[in-house]
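Spelled out, the chains give:
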Amino acid sequence: MNGNDPFEKYPEVLDPKHVKEILDIGLKQTYELLNQEPKPFHFIKIGRRFKIPKQNFIAWLQGSSS
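Q: Just checking my understanding: could you explain unusual backbone geometry for this structure?
A: What you tend to see is this: most non-glycine residues have negative phi, and most peptide bonds are trans. The omega torsion across Glu 37 and Pro 38 is -5 degrees, close enough to zero to call that bond cis. Counting through the fold element by element, Pro 38 comes out in the loop between helix 2 (27–34) and strand 2 (44–46). Non-glycine residue Asp 24 carries a positive phi angle of around 55 degrees. Within the secondary structure layout, Asp 24 lies in the loop between helix 1 (16–23) and helix 2.

Q: Which parts of the structure should I look at to understand the sheet that holds strand 1 (residues 13–14)?
A: By definition, the strands of a sheet pair up through backbone hydrogen bonds, in either a parallel or an antiparallel sense. Spatially, 1-3-2 is the arrangement adopted by the three strands of the open sheet, whose pairing is antiparallel. The open sheet has two free edges, formed respectively by strand 1 and strand 2, since each of these has just one partner strand. Where strand 1 meets strand 3 (residues 49–53), two bridges bridge the pair, whose relative direction is antiparallel. Looking across to strand 3, one finds that Leu 14 is bridged to Ile 52.

Q: Explain helix 1 to me, please; I cannot follow it from the model alone.
A: It helps to recall that an α-helix has 3.6 residues per turn; residues three or four apart then point in one direction. Buried residues of helix 1: Pro 16, His 18 and Val 19, and no others. Take helix 1 and look down its axis: the buried residues cluster within an arc of 155 degrees, on one side only. In this structure, the buried side of helix 1 is in contact with strand 1, helix 2, strand 3 and helix 3 (54–61). Just beyond helix 1, the residue with positive phi is Asp 24, at close to 55 degrees.

Scoring rules and cut-offs
- Residues numbered from 1 in each chain as written.
- Predicted model: local features only at pLDDT ≥ 70, side-chain atom pairs only at ≥ 80, totals over all residues.
- Heavy atoms only, no water.
- Helix = DSSP H or I, 4+ residues; strand = E, 2+ residues; numbered from the N terminus.
- Pairing = 2+ DSSP bridges.
- Buried < 20%, exposed > 50% of the residue type's maximum accessible area, 1.4 Å probe, protein only.
- Arc of directions from axis to C-beta.
- Contact = heavy atoms within 4.5 Å.

Pasting the structure below:
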């Protein structure tokens, strides 16, 4: 870890708990974000589980289109 990338400690595929931590919001707000239409960023849903590619989430967070 070189300390330059604040997302370095997170896995390549994020879970809602990671999104919650990064955005410093509650879990309810995290799931509200993930259930918005249209989707704010690309993710996949497997059953009731959300899997978010880290690069897509970072691009959205930084204002880039994903």
